[in-house]
Amino acid sequence: MFAACLHRVPALAMSDFSLPFALPDIGEEEIAEVVDSLRSGWISTGPKVQAFEQRFAEFLGGDVHTVAVNSATGGMHLALEAVGLQPGDEVITTTFTFTATAEVIRYFGADPVLVDIDPGTLCIDPRAVEAKLSARTRGILPVHYGGLACDMESLQRIASSRELFLIEDAAHALPTRADGELVGALDTTAAVFSFYATKPLATGEGGMVATRDPDLAARVRTMRLHGMSRDAFDRYVSDVPAWRYDIVAPGYKYNMTDVAASMGLHQLAKAARFAARRTEIAEAYDDGLVGLPLELPPRPRGLSTHAWHLYVIRLDRQAPVTRDRFIELMSERGIGCSVHYVPLHLHSYWRDRYKLSEDEFPAAQATFECCVSLPIYTRMSNDDVARVIDATRAILGQ
Ligand SMILES: Cc1ncc(COP(=O)(O)O)c(C=O)c1O
């Protein structure tokens, strides 16, 4: 089967970690669909991207427009372009995130105003958002951290009272419900999902912009491919010759490929099953880690749900080892752990550019110092889950 392979790569599962921190769950269906695309000749944006967008919109339900892109970073860039972000504008976001959330604001010469998290959710604290509103504030960019929905009711109230845009970084949030409604179908400006290799729905690289605003969707669609009036598939199926298109703006190159969409179609069909398995693992951890000197992850409240992209524990001060030592000891047992995140205010660019100090972000700082992300993914067996629990119990010594 590998005879024609020029660069055969060992499976990631065979790395130094016998239980890696994350692994995508790619089945034979995804592989067959990718091969079908390769054989068809449609290896860039074509019919499968169109089908994936359509199924994703159906999955979210309601009146949602979806535009597939090559990353959540690109998708957030396009959403901010579509709302007309300008140099000098301010966008309020969380310090407790990956740098992509804030860097896309800088692409415009606008300023991310970083604020602290609510320790009860690890998501952006709406009171901190209110405290940072200024005449320059144009919008809010919250992150559904780890897959748990932000306090969307408060954020929507703040945004609508000040006519701000509200673009959700939904990189972790598939599927997540906020007060019963699926993220992606909420009454916000847009939500942007990531399909990066470790995300709950993985296409290697990829993302989706979901919005109720048809004009915003149309702008994102045009700008994801050079500002062309027609994309490759449209030019192929239309009666108008393929070479006849107009450039309506200086756009970007953020289109998704049919190879990625091939994976996305099958991953999406499994999304509910994947979410159920992640929830099962989270519940097993909750039960297995009880009584240890640590805080379990925040739980969803009311009608909200958790996608369990991350399972983040916080070690107590009384824990017998530091956070860093805990990760080392897990690693010695072949178990991969991680930290989400080193908050943005501790990274040299953000700290120096905005003269940030850790005292401004007490909750994010305290969380960072003691947080560990345990492995949580659908390819983990019950034995793997038990192994993580046993190792944690052994290290934390109770
Ligand atoms: C919170 C958050 N936002 C944005 C991104 C960027 O996603 P992508 O890699 O699809 O651009 C990530 C990726 O890890 C993320 O964790």
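Reading the values: the criteria
- Residues numbered from 1 in each chain as written.
- Predicted model: local features only at pLDDT ≥ 70, side-chain atom pairs only at ≥ 80, totals over all residues.
- Helix = DSSP H or I, 4+ residues; strand = E, 2+ residues; numbered from the N terminus.
- Buried ≥ 20, exposed ≤ 12 C-beta atoms within 10 Å, placed from the backbone.
- Contact = placed C-beta atoms within 7 Å.
- Axes fitted to C-alpha atoms, helices over the stretch in contact; angles between N-to-C directions.
- Parallel < 35°, antiparallel > 145°, perpendicular 65-115°, else oblique.
- Left-handed = near helix turned anticlockwise from the far one by under 90°.
- Nonpolar A, V, L, I, M, F, W, Y, C, P; charged D, E, K, R; others polar.
- Near = placed C-beta within 6 Å.
- Pairing = 2+ DSSP bridges.
- Expected span 1.5 Å × (residues − 1).
- Arc of directions from axis to C-beta.
- Domains from an automatic or database assignment.

### Here's the deal with the environment of Val-312
Its place among the elements puts Val-312 in strand E11 (residues 311-315). Accessibility expressed as a C-beta count within 10 Å gives 21 for Val-312, which makes it buried. As a C-alpha pair, Val-312 and Ser-373 span 61 residues in sequence and 4.4 Å in three-dimensional space. With residues up to four places along the chain from it excluded, the contact list for Val-312 reads Leu-122, Gly-146, Pro-297, His-340, Cys-371 and Ser-373.

### Re the packing of helix H2 (residues 47-60) against helix H9 (residues 258-269)
Axis separation between H2 and H9 bottoms out at 8 Å; the angle between their running directions is 30 degrees. Relative to H9, the element H2 is oriented roughly parallel. The interaxial crossing formed by H2 with H9 has left-handed handedness. Within the contact between the two elements, H2 uses Pro-47, Lys-48, Val-49, Ala-51, Phe-52, Arg-55, Phe-56 and Phe-59 and H9 uses Asp-258, Ala-261, Ser-262, Gly-264, Leu-265 and Leu-268. For the contact of H2 with H9, the residue count by class is 9 nonpolar, 2 polar and 3 charged.

### Remarks on the site of the ligand
The environment of the ligand is made up of 14 residues, and the closest members are Ser-71, Ala-72, Thr-73, Ala-171 and Ser-194. Across the shell around the ligand, the residue classes break down as 6 nonpolar, 7 polar and 1 charged.

### A few points about the sheet that holds strand E5 (residues 165-169)
In a beta sheet, neighbouring strands are held together by backbone hydrogen bonds and run either parallel or antiparallel to one another. Taken in spatial order, the 7 strands make up an open sheet running E1-E9-E8-E5-E4-E2-E3, and their pairing is mixed. Because the sheet does not close on itself, it has two edges, and the strands there are strand E1 (65-69) and strand E3 (111-115). Neighbouring strand axes in the sheet, compared pairwise and without regard to direction, differ in orientation by 25 degrees on average. In this structure, strand E2 (residues 90-94) lies alongside E3, joined through 5 bridges in parallel fashion. Looking at E3, one finds that Val-91 is bridged to Pro-112.

### Re helix H14 (residues 382-396)
Over its 15 residues, H14 runs 21 Å from end to end, which matches the ideal 21 Å to within 8%, given 1.5 Å per residue. Buried residues of H14: Val-385, Val-388, Ala-391, Thr-392, Ile-395 and Leu-396, and no others. Looking down the long axis of H14, one finds its buried residues gathered within 130 degrees of arc, a one-sided arrangement. Of the exposed residues in H14, those oriented more than 90 degrees away from the buried face are Asn-382, Asp-383, Asp-390 and Ala-394. Contact partners of the buried residues in H14: helix H10 (271-288), strand E10 (294-295), helix H11 (323-332) and strand E12 (371-374). The positive-phi residue at the C-terminal boundary of H14 is Gly-397, with phi of around 65 degrees.

### Section: the domain arrangement of the protein chain
You can read the domains of the protein chain as domain 1 (28-269) and domain 2 (271-396). Using C-alpha coordinates to define each centre, domain 1 is positioned 26 Å away from domain 2. At the junction of the two partners, domain 1 supplies 33 residues and domain 2 supplies 29 residues. Only strand E6 (177-178) and H9 provide two or more residues apiece to the side of domain 1 that touches domain 2. Counted by class, the side of domain 1 that touches domain 2 contains 17 nonpolar, 11 polar and 5 charged residues.

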